[in-house]
Amino acid sequence: MNILVLNSGSSSIKYQLFRWPDERPACSGLVERIGSEQATITHKTFTPGASPAELRSTLPLPDHEAGLLEVVRLLTTGPEAVIQAPAEIDLVGHRVVHGGEAFTKATLIDEEVKAEIRRLFGLAPLHNPANYDGIEVAERVFPQVRQVAVFDTAFHQTLPEKAFRYALPTALYTEQRIRRYGFHGTSHQYVAAQAAAYLENPDARLITIHLGNGCSMAAVRGGQSLDTSMGFSPLAGLVMGTRSGDLDPSVLLHLLGPLGYSGAQVNNLLNKESGMLGLAGSNDMRDISAALAAGSPDAALAYDLYAYRIRQYIGAYAAVLNGLDAIIFTAGVGENDALVRSKVCQDMDFFGLALDETQNQQRQPGLRDLSAPGARARVLVVPTNEELEIARQCAELVE
Ligand code: ADP
């Protein structure tokens, strides 16, 4: 079977084609700046036993349909072709950010599912419309192929009501659906399953820590999410690249009232100008790390604040789980930034956490156990793979 995974953004398409059942990626790529004369495509083909072949091109792509057709051309032509014709694709898996309360798992797409995704535009105005367009384009380009939606929110639909409700008047939940949804679910689910398998304990009490541009944590036990740090939107919880994370709501009122900000300005401030960018002038941890090495006090504070918030959530989630078997670092920062891991794990012996600093400094691919010998709880790095998790969920659905 060939499974094509698509992640459609407002001006981009990320894609990966998997051979099934051996879970092998045949190719992957990224189409960017769709809608411009200077759109770019980076396309990588993987052949077992050889290094990946990479092809880059710049071309005009007026819309997503033109972009996906160009991807099909790359999949099917030339010496690097991975399939002969679009009909050889058996399933298309779409990442959809918001599944609301309707979707608790991967779902075959039909007209009713599409209508529900449209109804959710209001809850995820930046993401769901682009994901939806990607579905419609793929339906036109692959008319015979089954399409599956995999939602970022679905994994967190197991949260108990005390964890997902806000202490607001009930009608705001029942009529307006204002509640915690949580995001990055595909990543939390994937790394939690990898960790539980490594620990040979399906019931392990796990805290998953996804630190990318967006950052979130989840308390997971028995493969179920019990709590998570993102909320009604991906703005809540941890300090992120450009997002503030948790904030006293009165700060918003103060900005909107006495300080004269408009709603759009507050939105921009909290989503695009805050987080590490706001504290230390860059949203990329590698820049902040370099600034720290050069003695910047802003970078030092930003690192401390970033790690402190994670530590607070570890405490909270250890309480939710009534104990702790492992914490799992994943995504760009979690997998690569040894200093963040070190700061997070410092003086955490109360929770049984102890980091082996030599292991922590080493760079190796794959799952890594960074725990000091004899530690009661493990510190793991598990590289996330959302595309593979989407493909797995697609395959499970049709098996
Ligand atoms: P996304 O959330 O967009 O999927 P990623 O998981 O790819 O993001 O994470 C991107 C972030 O990871 C970058 O902004 C950067 O801060 C961080 N990052 C990537 N590589 C490194 C590295 N070697 N050291 C520290 N941070 C890194």
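Please refer to the structure higher up on the page.
It should be emphasised that the depicted structure is a prediction, and the values quoted were computed from it without experimental measurement.

Undergrad: Can you walk me through the overall build of the protein chain in this structure?
TA: If you tally the helices and strands in the protein chain, you get 15 helices and 14 strands. Compactness check: the protein chain gives a C-alpha radius of gyration of 22 Å against a globular reference of 21 Å for 399 residues, within 12% of the reference. Reported as C-alpha extents along the three principal axes, the dimensions of the protein chain are approximately 55 × 55 × 45 Å. Every one of the 399 residues in the protein chain was classed for burial, and the buried ones make up 49%.

Undergrad: Can you walk me through the nonpolar core in this structure?
TA: The tendency in soluble globular proteins is for nonpolar side chains to be buried side by side. Ranked by size, the top nonpolar core spans 42 residues in total, and within it Leu211, Tyr306, Ile310, Ile314 and Ile327 carry the most contacts. At the level of secondary structure, the elements contributing two or more residues to this core comprise β9 (205-211), β10 (215-221), α10 (285-293), α11 (297-321), β12 (326-330), α13 (338-345) and β14 (378-381). No other element matches the 11 residues that α11 contributes to this core. If near-sequence neighbours (up to four positions away) are discounted, Ile310 is found in contact with Ile209, Leu211, Met217, Leu238, Val340 and Val344. Core analysis: the next-biggest nonpolar cluster, separate from the first, contains 28 residues, Leu4, Val72, Leu74 and Leu75 among them.

Undergrad: What am I meant to see in the site of the ligand here?
TA: Near the ligand, the surroundings consist of 13 residues, among which Asn213, Asp284, Met285, Gly332 and Asn336 are the closest. One of the side-chain N or O atoms of Arg286 is found 3.4 Å from a nitrogen atom in the ligand. Within the contact set of the ligand, an oxygen atom lies 2.9 Å away from a backbone nitrogen or oxygen of Gly332. If the ligand stood free it would expose 580 Å²; the protein chains cover 69% of that surface. At the level of elements, α10 and α12 (331-336) are the ones that each hand at least two residues to the shell around the ligand. Top contributing element to the shell around the ligand by residue count: α12, with 4 residues. A breakdown of the residues in the shell around the ligand according to their chemical character gives 3 nonpolar, 6 polar and 4 charged.

Undergrad: Looking at this structure, I do not really get the sheet that holds β9. What am I missing?
TA: Two modes of strand pairing occur in sheets, parallel and antiparallel, and in both the strands are linked by backbone hydrogen bonds. Strand order in the open sheet formed by 6 strands is β11-β10-β9-β12-β14-β13, and the pairing between neighbours is mixed. Of all the strands in the sheet, just β11 (224-228) and β13 (368-369) have a single pairing partner and so form its edges. Where β12 lies against β14, 4 bridges are found, and the strand directions are parallel. When the sheet's bridge partners are listed, Ile327 is paired in β14 with Val379. Lying on the sheet, α13 is in contact with β9, β12, β13 and β14; it crosses β12 at an angle near 155°.

Undergrad: Before we go on, may I ask you to explain the packing of aromatic side chains in this structure?
TA: For any pair of aromatic rings, the description consists of the separation of the ring centres together with the inter-plane angle of the planes. Applying the stated criterion across every chain yields a total of 7 aromatic pairs. Judged by centre distance (5.7 Å) and plane angle (80°), the rings of Phe121 and Tyr132 are edge-to-face. Placement of the pair is Phe121 in the loop between α2 (111-119) and α3 (128-141) and Tyr132 in helix α3, with a sequence separation of 11 residues. The exposure class of Tyr132 is buried, given its relative accessible area of 6%. For the ring pair Tyr181 and Phe232, a centre distance of 6.4 Å and an interplane angle of 45° mean the geometry is tilted. Of this pair, Tyr181 sits in the loop between α5 (170-174) and α6 (185-199) while Phe232 sits in the loop between β11 and α7 (249-256), and the two are 51 residues apart along the sequence.

Undergrad: Whenever I open this one, the packing of α6 against helix α15 (residues 386-398) confuses me. Can you help?
TA: A packed helix pair is summarised by two numbers, namely the angle formed by the two axes and the spacing between the axes. Relative to each other, α6 and α15 sit at 85°, their axes nearing to 9 Å. One finds that α6 runs roughly perpendicular with respect to α15. Note on element contacts: α15 touches α6 through Glu386, Leu388, Glu389, Ile390, Arg392 and Gln393, opposite Thr186, Ser187, Gln189, Tyr190 and Gln194. Of the residues contributing to the contact of α6 with α15, the split by class is 3 nonpolar, 5 polar and 3 charged.

Parameters at a glance
- Residues numbered from 1 in each chain as written.
- Predicted model: local features only at pLDDT ≥ 70, side-chain atom pairs only at ≥ 80, totals over all residues.
- Heavy atoms only, no water.
- Helix = DSSP H or I, 4+ residues; strand = E, 2+ residues; numbered from the N terminus.
- Rg over C-alpha atoms; globule rule 2.2 N^0.38 Å.
- Buried < 20%, exposed > 50% of the residue type's maximum accessible area, 1.4 Å probe, protein only.
- Core = buried A, V, L, I, M, F, W, Y, C linked by side-chain atoms within 4.5 Å.
- Contact = heavy atoms within 4.5 Å.
- Near = heavy atom within 4 Å.
- Polar contact = N/O pair within 3.5 Å; in protein donor to acceptor, adjacent residues only side chain to side chain.
- Areas by Shrake-Rupley, 256 points an atom, 1.4 Å probe, with all protein chains shown as cover.
- Nonpolar A, V, L, I, M, F, W, Y, C, P; charged D, E, K, R; others polar.
- Pairing = 2+ DSSP bridges.
- Axes fitted to C-alpha atoms, helices over the stretch in contact; angles between N-to-C directions.
- Phe/Tyr/Trp six-rings, centres within 6.5 Å; stacked < 30°, edge-to-face > 60°.
- Parallel < 35°, antiparallel > 145°, perpendicular 65-115°, else oblique.

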